[in-house]
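Read off the chains here:
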Amino acid sequence: MATSMLCRRTAIFSWAIRRVSPLKSYNPASSHCGLLHQIANYNPKPLKLNLKDPYIPDRESEKTPEWQKTAKYDRKLFGRYGSSSGIDPAKLWPSHAQLEEMIAEEREWNPPLQVMLKNVEVKMKEANAKRLAREKLVAANMAKMPKMVADWRKEKREAKQKLKDEKARRERLLAEARERFGYAMDPRSPKFLEMVSEIEKEEKKKRKLMKRRLKEEQSHVPPAASSADSSS
Amino acid sequence: MSFTRKPGGKALDILQNLPRISLANLRPEPGTKKAEKKRGRGQHGGNRSGRGHKGERQRGNRPRLGFEGGQTPFYLAIPKYGYNEGHSRRAQYQPLTLNRLQYLIDLGRVDPTQPIDLTQLVNGRGVTIQPQKRDYGVQLVGEGAGIFAAKVNIEVQMASEEAIAAIERNGGMVTTGFYDPRSLAVLCKPVPFFISGQPIPKRMLPGEDMVPYYTDAANRGYLADPEKIQKARIALAQKYGYILPDISKDELFHMLSMIKDPRQIFFGLSPGWVVNMAEKKILKPTDDKLLQYYSS
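All figures in this text were calculated on a predicted structure; none of them were measured in a lab.

1. Looking at the pairing of strand β3 (residues 153-156) of chain B
Residue and element names in this part refer to chain B.
- Side chains N153 and E155 of β3 all project onto a buried face; the interleaved residues I154 and V156 project onto the opposite face, where all are buried too.
- The pairing of β3 with strand β5 (residues 173-176) spans 4 bridges and is parallel. Residue V156 lies in a different strand from β5, and its bridge partner there is T176.

Shown next, in the form of structure tokens:
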């Protein structure tokens, strides 16, 4: 590859058939399945290096501009004219101080591969952990969902039921009032309220009686059961 | 004597006796060049010369493109979203289809008997890379995978799975390598770089975001494990349903297995060398520190 680049100026002018080409160093003994492979060798644009009449600035004179005395320009001179430019080739490479700077810069901005791989791994682990945590949370919440849905539905049902009960109760009370007093009265009037409180008291008494009865029954039944057990 | 005939015959005679070809002797094939149509000149194009009747149209005072007479124009009414945000900082990879690669090989612009590199593609004017415009190289695209039939050792900067499969199916090798912008400029235009007299720089490693790409064997990254690459080749062959040809038995095996060192820009040239075009010489540094730096 390098040789083909360096031989730019001496390339063959016309199309060259692979086997006959004298420039190529190795001769492929057999072409691809017997096919001839032609490679275009262009005549490249001539490199106008101006070797016959070079301009090499006078380093001592004051008239030459400053930029023609810099190291960068010297390198360009060498690149164009070669050793006839009169530049020490050792100047082409960076000096020790410059080299130190370059190394420091590289160390700061271009970490070695191992460091980068570690960083990449750390980042990936973090991202994975985050993703896992989120997915776990989502899964946990999804597991709770059926219960939450059921609860919500129950609540709604109960609320509805409550409303219905309330309505029914109010209608019953109205009917009671109607029965007792003989006319449809306003539920907000004091008489109605009195009636309501009376009904409530009666219901309380009834409940208390029921509770007492239940207790008595329970207290009666266990001794009877235990006596029955002991007897049998 | 009467049997020997000059090859070419009368045509060759004519060619040899006619005068030199110059611009004065040439004319295009009749029917290839159609005369351009000039609008607004003459009898029915005259008068207003195709400009219309009065108003801004005729007087050439139309408002700017996109103006909708005062109504908020389309390009301002649509709200912005970050599609183009940071577009000038995104890496771009010039696509190279397998169709184009086959075309270049068939025309002989790219030599398949040598490793194909970005330099070879640029020399053959196959792709145009602008390193200054955030181009980071060339990406191999799978279009034309069906007709691709060339055994090549190609090095690109990115490659799609289909393209890798197509090349390996024909017994070739693909490698993806990273070139930082300075190295890319050197790679695309080597001769102006050599004329500038600088030592060949060493290639930098990719940034953290691209390291996973180039260390992955599935992408044939240049930093990946060779054994993993071999396994990936077999796996890809199984995935795409072709028999992986054994390139170790190939006559061009040495060429096909040529891979660049991660710090190397050119085959056969190391970082730190100075190539002089005027005298056709290569200068190598001898200083220890320099050698250590360039070989790190």
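2. Remarks on empty space enclosed by the protein
All names here are of chain B.
- Considering all chains together, one arrives at 1 cavity of 30 Å³ or more under this definition.
- Quantified by volume, the largest cavity comes out at close to 50 Å³.
- In terms of lining, the largest cavity is formed by P115, I116, N153, I154, E155, T175, M258, I259, K260 and F267.
- Tallying contributions element by element places β3 first for the lining of the largest cavity, with 3 residues.
- Residues that form the lining of the largest cavity fall into these classes: 6 nonpolar, 2 polar and 2 charged.

3. Here we look at the nonpolar core
- Of all hydrophobic cores here, the largest spans 48 residues; its most connected members are L98, L118, L140 and I154 of chain B.
- Of all the secondary-structure elements, those providing two or more residues to this core are α4 (98-107), α5 (118-123), β2 (135-141), β3, α6 (161-169), α7 (181-188), α8 (190-195) and α10 (226-240) of chain B.
- No other element matches the 5 residues that α6 of chain B contributes to this core.
- Formed by 12 residues, the second largest nonpolar core is a distinct cluster that contains L99 of chain A together with V274, L290 and Y294 of chain B.

4. Regarding the layout of surface pockets
- By volume, the second largest pocket is sized at about 880 Å³.
- What lines the second largest pocket is a set of 37 residues, among which D180, R182, P201, K202 and M204 of chain B lie closest to the centre.
- When contributions to the lining of the second largest pocket are tallied by element, the ones reaching two or more residues are α2 (71-81) and α3 (96-109) of chain A together with α7 and α12 (288-294) of chain B.
- Here the lining of the second largest pocket gets 6 residues from one element, more than from any other, and that element is α3 of chain A.
- Residue classes in the lining of the second largest pocket are distributed as 20 nonpolar, 6 polar and 11 charged.

5. Some words on the environment of S257 of chain B
Residue and element names in this part refer to chain B.
- By the element assignment, S257 lies in the loop between α11 (253-256) and β6 (274-276).
- For S257, a relative accessible area of 31% corresponds to the partly exposed category.
- Taking the C-alpha atoms as reference, S257 lies 19 Å from A237; in sequence the two are 20 residues apart.

6. Notes on the pattern of salt bridges
- Following the criterion strictly, the structure yields 21 salt bridges over all chains and no others.
- Between R169 of chain A and E200 of chain A there is a salt bridge; the shortest N-O distance is 3.7 Å. Linking R169 of chain A in helix α4 (residues 113-181) with E200 of chain A in helix α5 (residues 190-231), this pair joins segments that are 31 residues apart in sequence.
- According to the relative accessible area criterion, R169 of chain A is partly exposed, its value standing at 32%.
- Residue K38 of chain B is joined to E36 of chain B by a salt bridge in which the shortest nitrogen-to-oxygen separation is 3.9 Å. Side by side, K38 of chain B and E36 of chain B carry an identical accessibility label, which is exposed.
- Taken together, the salt bridges that share partners define one network made up of E176, R180 and E198 of chain A.

7. Let's talk about the packing of aromatic side chains
- As enumerated under the stated definition, the model contains 10 aromatic pairs over all chains in all.
- Both rings, one in W67 of chain A and one in Y73 of chain A, keep their centres 5.5 Å apart while their planes meet at 90 degrees; by these two values the pair is edge-to-face.
- Their ring planes at 65 degrees and their centres at 5.9 Å tell us that F178 of chain B and Y214 of chain B sit as a pair that is edge-to-face. Of the two residues, F178 of chain B sits in the loop between β5 and α7 while Y214 of chain B sits in helix α9 (residues 211-214), which places them 36 residues apart along the sequence. Of the two residues examined, F178 of chain B and Y214 of chain B, each falls in the buried class.
- One aromatic cluster is present, formed by Y93, Y136, F178, Y213, Y214 and Y222 of chain B through successive ring pairs.
- For K202 of chain B, the ring lying beneath its charged end belongs to Y293 of chain B, and the centroid distance is 4.2 Å.
- The positively charged end of K284 of chain B is found above the aromatic ring belonging to W273 of chain B, 4.1 Å away from the centroid.

8. Side note on the side chain of D250 of chain B
All names here are of chain B.
- With respect to the helices and strands, D250 occurs in the loop between α10 and α11.
- Separated by 2.7 Å, the side chains of D250 and K151 make a polar contact.
- When residues no more than four places from it in sequence are discounted, the contact partners of D250 are K151 and L256.

9. Some thoughts on the UniProt feature "domain: Large ribosomal subunit protein uL15/eL18" (unreviewed entry) in chain B
- In this numbering, the UniProt entry assigns the feature "domain: Large ribosomal subunit protein uL15/eL18" (unreviewed entry) to residues 95-175 of chain B.
- Counting secondary structure, residues 95-175 of chain B comes out at 31% helix and 23% strand; the distance between its end C-alpha atoms is 16 Å.

10. Here's the deal with the packing of α6 of chain B against α10 of chain B
All names here are of chain B.
- As a packed pair, α6 and α10 sit with axes 10 Å apart at the nearest point and diverge in direction by 100 degrees. It follows that α6 is roughly perpendicular to α10 by the angle criterion. Contact residues: E161, E162, I164, A165, E168 and R169 in α6; R233, L236, K239 and Y240 in α10.
- For the contact of α6 with α10, the class distribution of residues is 4 nonpolar, no polar and 6 charged.

11. Brief notes about a positive patch on the surface
Residues and elements named next belong to chain A.
- A contiguous patch of positive charge on the surface is contributed by K201, K204, K205, K208, K211, R212 and K215.
- Within the secondary structure layout, K201 lies in helix α5.
- For K201, a relative accessible area of 56% gives the class exposed.

12. Re the interface of chain A and chain B
- Residue-level contacts link 47 residues of chain A with 51 residues of chain B.
- Here chain A packs against chain B, burying approximately 4200 Å² in sum over the two surfaces, 65% of which is carbon and sulfur.
- The interface formed by chain A and chain B contains 3 salt bridges.
- K123 of chain A is the partner of E208 of chain B in a salt bridge, and the nearest nitrogen-oxygen pair spans 3.0 Å.
- Put simply, chain A and chain B have 8 residue pairs in polar contact (both at pLDDT 80 or more) between them.
- Contributions of two or more residues to the side of chain A that touches chain B are made by α1 (2-6), β2 (38-39), α2, α3 and α4 of chain A.
- Split by residue class, the side of chain A that touches chain B holds 27 nonpolar, 11 polar and 9 charged.

Calculation notes
- Residues numbered from 1 in each chain as written.
- Chains lettered and ligands numbered in written order.
- Predicted model: local features only at pLDDT ≥ 70, side-chain atom pairs only at ≥ 80, totals over all residues.
- Heavy atoms only, no water.
- Buried < 20%, exposed > 50% of the residue type's maximum accessible area, 1.4 Å probe, protein only.
- Helix = DSSP H or I, 4+ residues; strand = E, 2+ residues; numbered from the N terminus.
- Pairing = 2+ DSSP bridges.
- 1 Å grid on protein atoms, 1.4 Å probe; cavity = no way out; pocket = protein on both sides within 12 Å on 5 of 7 lines; lining within 4 Å.
- Points joined across faces, edges and corners; volume = space filled by probe spheres on them.
- Nonpolar A, V, L, I, M, F, W, Y, C, P; charged D, E, K, R; others polar.
- Core = buried A, V, L, I, M, F, W, Y, C linked by side-chain atoms within 4.5 Å.
- Salt bridge = Lys/Arg side-chain N within 4 Å of Asp/Glu carboxyl O.
- Phe/Tyr/Trp six-rings, centres within 6.5 Å; stacked < 30°, edge-to-face > 60°.
- Lys NZ or Arg CZ within 6 Å of the ring centre and 35° of its normal.
- Polar contact = N/O pair within 3.5 Å; in protein donor to acceptor, adjacent residues only side chain to side chain.
- Contact = heavy atoms within 4.5 Å.
- UniProt positions renumbered as here; feature names shortened; annotations may be inferred.
- Axes fitted to C-alpha atoms, helices over the stretch in contact; angles between N-to-C directions.
- Parallel < 35°, antiparallel > 145°, perpendicular 65-115°, else oblique.
- Patch = residues over 30% accessible without salt bridge, like charges linked within 9 Å, V, L, I, M, F, W, Y side chains within 5 Å.
- Areas by Shrake-Rupley, 256 points an atom, 1.4 Å probe, with all protein chains shown as cover.
- Lys, Arg positive; Asp, Glu negative; His and termini not counted.
- Charge placed at Lys NZ, Arg CZ, Asp CG, Glu CD.
- Buried area = accessible area lost by both parts, 1.4 Å probe.

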